[in-house]
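Listed here are the chains, written in short residue letters.
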Amino acid sequence: MALKKNKPYQKIDHTFSISWLMASIVVVMCLSAVGLIFNHWQSAIRNGRSHIETIQEIQNQQVLRLIDGQLELITTTISTVSNLLEADGQLINNEPAVRQILLTLMLNSPQMATLSLADENNNYFSIFRPENSDQVMYARANDQGEMLSGLLSSWDNNGQGLEKNFNFFANQRPWFIQAISEPGISWTPVYTYHASAASAIGASKSIDLFGDQKAVIAADYLLNGLEELLVDVAGRQEAVLLMLDHQKTIIADNVAIEDSPRMKLLNNLEADMPGIRKWLDEESTQPHQIGDLLLSKQVINQQGSNHYWLINATSQAQMLAEIYQQALRIMWVSLLILLLTILIFKFLARLLISPIIQLVSVSKKISQGDWDGVVPASRIKEINNLSVAYEFMSQEVKTNLTNLAFEVAKRTERLQQLNDELNHSIVTDHLTQIGNRRFFNQKMDLHFNNNEDLHLAIIDIDYFKKFNDRFGHLVGDQALIEVSTRIRDCMSSEDIDCARIGGEEFAVIFRGRDRRGFADRLLQMQRFVRTNPISIVGFECPETLSISIGLASRVPGEADWSETYGRADQALYQAKDNGRNCMVLG
């Protein structure tokens, strides 16, 4: 049955730490909270400005409707007189009738300040409300401004009231005379009526009578307390409403108390009046910004050049304060959420991340051979199961490694034994169990490289070929073993190495300076071989063998041992020539 092949480990180049992941989540939440606060702030500012602009538009329209009501009364009054005069072209020459018409209209309109009529001949008829009185007064003047007749109120029988107010007629009369040349209804700017210091507005209309004769009708109406009107419209809103005339001069405002917040706003506006006047001349209807003040403008009475403006200025400080409080609340909520997130992160770190980090630490120790680490336990089932499995696996690995180490040590020992045997076999002669030619070469190289004092003896068994031919190779091998054993036993020493260098030839290497002592031992070994016959299996009488020896010493300055070997070999041949069983010094 074929074994299932495991999938190879897939290395991931880019990894990340769960701690960094959790920290990244916290950072993202912080940035999200900051973005939420910023977006809320921007949105709240936009909504707040839009809300302020909406309130300003409502207030402006309220003021506009009230003033338009007054203008409508003026238009109605002028139209009434115009219709009467156009119906009866001779009516303007009937002073009692004109006076009665003006008086009736004046009495029926408590808000009317003046009602005047002038003909083409500059005859001037006027009924008005005198200063410090709720009564009315009538006067007629000629083209020279001279008073021709007058009707005093019941409280002024001596004519002082008429004379006292004559200057008012002289100031107003040229305006009526000029209006005779202007077609349609012409409006005056808002002005302060002399009688009550109240604001008033007037209009005039030129009409055609019989023939080419023309006349002008003029009416002025009180605006019924313009400042009180602005105060009522503003209500509790900390807004400043300003009415400006055609010269862009403030004629009314809703600031009633000098130390009120509105007074501070008014002072800021008055300080920046040049910029406000420039803004009024612009055609754009976009709001104007002064500090934290948001200004809107409304043009009133757009007929002719005598129009005026209503300015609504609202402070954004309160709105910004409310937005700040909302942002502050969101910030605290965000901080609370962030704090809870950090606490949850710490809890998860202790519950989840900490055991994993400890498990990684134990793994590193195990990889370094330290098995004393304790695998952490966890309250989380999955991580605890992982820890148990890891503990079981580590114990299994430890047991397997111990067994493997024992087996490796055992096999290493056996391998070393075999290696030693191999090394011994490489340098050992298989027959005689002493060193072979390789062993001899290695020893000679070593001693020469170490520049040691060295003496070399070459030994050869005498007449061994004849012995071998007589008794055979097996007996010859037995004789070689016996001779090599005697050589080894006789020359056994730490500073002497023995080797079979070929056939019946042996070599003995002595490291030291005592050449004479080495030579004496060689002679003793030669006598021992000669005097102790070799027992041959199958032969009753033992055979006696002898050996010849050639001895040479290393000469100082020799770089290669072959020279020493050559001299020893020559000495051996000399011993052979000398009759064998002797030793020659080379």
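This is a predicted model, so every value here is computed, not measured.

**Digging into the overall build of the chain**
And step 1. Looking only at helices and strands, one finds 14 helices and 18 strands in the chain.
And step 2. Among the 586 residues that make up the chain, the fraction classed as buried is 40%.
And step 3. A separation threshold of at least 6 residues defines the contact pool for the chain, and within that pool the share at least 24 residues apart is 59%.
And step 4. For the chain, the accessible area works out to roughly 34000 Å², and carbon and sulfur atoms hold 54% of it.

**Digging into unusual backbone geometry**
And step 1. The phi angle at Asn-451 is positive, at roughly 55 degrees, despite the residue not being glycine.
And step 2. Mapped onto the elements, Asn-451 comes out in the loop between α10 (437-449) and β14 (454-461).
And step 3. A positive phi angle, near 55 degrees, is found at Asn-581, a position not held by glycine.
And step 4. Examined against the element boundaries, Asn-581 turns out to sit in the loop between α14 (561-577) and β18 (583-585).
And step 5. Classification of Asn-581 as partly exposed rests on a relative accessible area of 31%.

**Considering the side chain of Asp-460**
And step 1. Its place among the elements puts Asp-460 in strand β14.
And step 2. Looking at Asp-460, the relative accessible area reads 9%, which means it is buried.
And step 3. At a separation of 2.4 Å, a polar atom in the side chain of Asp-460 contacts the side chain of Lys-576.
And step 4. If we ignore the near neighbours within four places in the chain, the residues touching Asp-460 are Glu-504, Glu-505, Ser-546, Ile-547, Ser-548, Leu-572 and Lys-576.

**Section: the packing of α10 against α14**
And step 1. It is at 10 Å that the axes of α10 and α14 come closest, and there the two elements cross at 120 degrees. Viewed along their axes, α10 and α14 adopt a mutual orientation that is oblique. For the pair α10 and α14, contact is made by Arg-437, Phe-440, Asn-441, Met-444, Asp-445 and Phe-448 and by Trp-561, Thr-564 and Tyr-565, respectively.
And step 2. The residue makeup of the contact of α10 with α14, split by class, is 5 nonpolar, 2 polar and 2 charged.

**Let's talk about a nonpolar patch on the surface**
And step 1. Taken together, the side chains of Leu-336, Leu-339, Leu-340, Leu-343, Ile-344, Phe-347 and Leu-348 present a nonpolar region at the surface, about 660 Å² in accessible area.
And step 2. The residue Ile-344 is located in helix α8 (residues 317-367) in this model.

**Brief notes about the packing of aromatic side chains**
And step 1. Overall, the coordinates contain 6 aromatic pairs when judged by the stated rule.
And step 2. Where Phe-440 meets Trp-561, the ring centres are 5.5 Å apart and the plane angle is 85 degrees; that geometry is what we call edge-to-face. Residue Phe-440 is found in helix α10, and its partner Trp-561 is found in helix α14; the two are separated by 121 residues along the sequence. Trp-561 shares its class with Phe-440; the two are buried.

**Some details on the nonpolar core**
The nonpolar side chains of a soluble globular protein tend to be buried, and buried together.
And step 1. Counting residues in hydrophobic clusters, the biggest one holds 39 residues, and the most contacted among them are Ile-74, Leu-85, Leu-117 and Ile-127.
And step 2. The set of elements that each furnish at least two residues to this core consists of α1 (18-87), α2 (95-108), β1 (112-119), β2 (124-128), β7 (199-208), β8 (214-222), α5 (226-234) and β9 (239-244).
And step 3. Ranked by residue count, the leading element in this core is α1, at 8 residues.
And step 4. Judged by nonpolar contacts, the second largest core, of 30 residues, contains Ile-459, Val-475, Leu-480 and Ile-547.

**Considerations on the packing of helix α6 (residues 261-271) against helix α7 (residues 273-281)**
And step 1. Interhelical geometry of α6 versus α7 gives an angle of 70 degrees and a closest axis separation of 5 Å. Comparing the axis directions of α6 and α7 gives the class roughly perpendicular. Facing Leu-269, Glu-270 and Ala-271 of α6, the residues of α7 in contact are Met-273, Pro-274 and Ile-276.

**Regarding the state of the cysteines**
And step 1. Per the stated rule, a full pass over the model turns up 0 disulfides.
And step 2. Not part of a disulfide, Cys-490 finds its nearest cysteine sulfur in Cys-498, a span of 9.5 Å.
And step 3. Since its relative accessible area comes to 25%, Cys-490 is described here as partly exposed.
And step 4. On the basis of relative accessibility, which here comes to 13%, the residue Cys-498 falls in the buried class.

**A word on α10**
And step 1. Helix length check: α10 (13 residues) gives 18 Å between terminal C-alpha atoms against 18 Å at 1.5 Å per residue, within 8%.
And step 2. Residues of α10 that are buried include every one of Phe-439, Phe-440, Met-444, His-447 and Phe-448, and no others. All buried residues of α10 lie within an arc of 155 degrees about the axis, which places them on one face of the element.
And step 3. Along its buried surface, α10 packs onto β14, β15 (496-502), β16 (505-511) and α14.
And step 4. Between a side-chain oxygen at the N-terminus of α10 and the backbone nitrogen of Arg-438 the separation is 3.2 Å; the capping residue is Asn-436.
And step 5. Where α10 terminates, the next one or two residues include Asn-451, which has phi positive at roughly 55 degrees.

**Topic: the side chain of Thr-564**
And step 1. Its location among the elements puts Thr-564 in helix α14.
And step 2. If near-sequence neighbours (up to four positions away) are discounted, Thr-564 is found in contact with Phe-448, Leu-454, Leu-456, Ala-552, Ser-553, Arg-554 and Glu-558.

**Remarks on the pairing of β16**
For a regular strand, side chains alternate in direction, first toward one face of the sheet and then toward the other.
And step 1. Of all 7 residues making up β16, 6 are buried, and the element is well covered by its neighbours.
And step 2. Here β14 pairs with β16 via 7 bridges, running antiparallel. Bridge pairing in β16 places Ala-457 opposite Val-508.
And step 3. Direction of pairing for β15 relative to β16: antiparallel, over a ladder of 6 bridges. Within β16, the residue paired with Asp-497 across the bridge is Ile-509.
And step 4. In this structure, the hairpin formed by β15 and β16 is closed by a connection of 2 residues, where Gly-503 is found at a positive phi of approximately 55 degrees.

**Let's talk about the environment of Val-388**
And step 1. Here Val-388 is to be found in helix α9 (residues 381-426).
And step 2. In this structure Val-388 comes out as exposed when scored by relative accessible area, which is 52%.
And step 3. Between the alpha carbons of Val-388 and Ala-377 there is a distance of 7.9 Å; along the sequence they are 11 residues apart.

How each quantity is defined
- Residues numbered from 1 in each chain as written.
- Predicted model: local features only at pLDDT ≥ 70, side-chain atom pairs only at ≥ 80, totals over all residues.
- Heavy atoms only, no water.
- Helix = DSSP H or I, 4+ residues; strand = E, 2+ residues; numbered from the N terminus.
- Buried < 20%, exposed > 50% of the residue type's maximum accessible area, 1.4 Å probe, protein only.
- Contact = heavy atoms within 4.5 Å.
- Areas by Shrake-Rupley, 256 points an atom, 1.4 Å probe, with all protein chains shown as cover.
- Polar contact = N/O pair within 3.5 Å; in protein donor to acceptor, adjacent residues only side chain to side chain.
- Axes fitted to C-alpha atoms, helices over the stretch in contact; angles between N-to-C directions.
- Parallel < 35°, antiparallel > 145°, perpendicular 65-115°, else oblique.
- Nonpolar A, V, L, I, M, F, W, Y, C, P; charged D, E, K, R; others polar.
- Patch = residues over 30% accessible without salt bridge, like charges linked within 9 Å, V, L, I, M, F, W, Y side chains within 5 Å.
- Salt bridge = Lys/Arg side-chain N within 4 Å of Asp/Glu carboxyl O.
- Phe/Tyr/Trp six-rings, centres within 6.5 Å; stacked < 30°, edge-to-face > 60°.
- Core = buried A, V, L, I, M, F, W, Y, C linked by side-chain atoms within 4.5 Å.
- Disulfide = S-S within 2.5 Å.
- Expected span 1.5 Å × (residues − 1).
- Arc of directions from axis to C-beta.
- Pairing = 2+ DSSP bridges.

The values are spatial; any link to function lies outside them.
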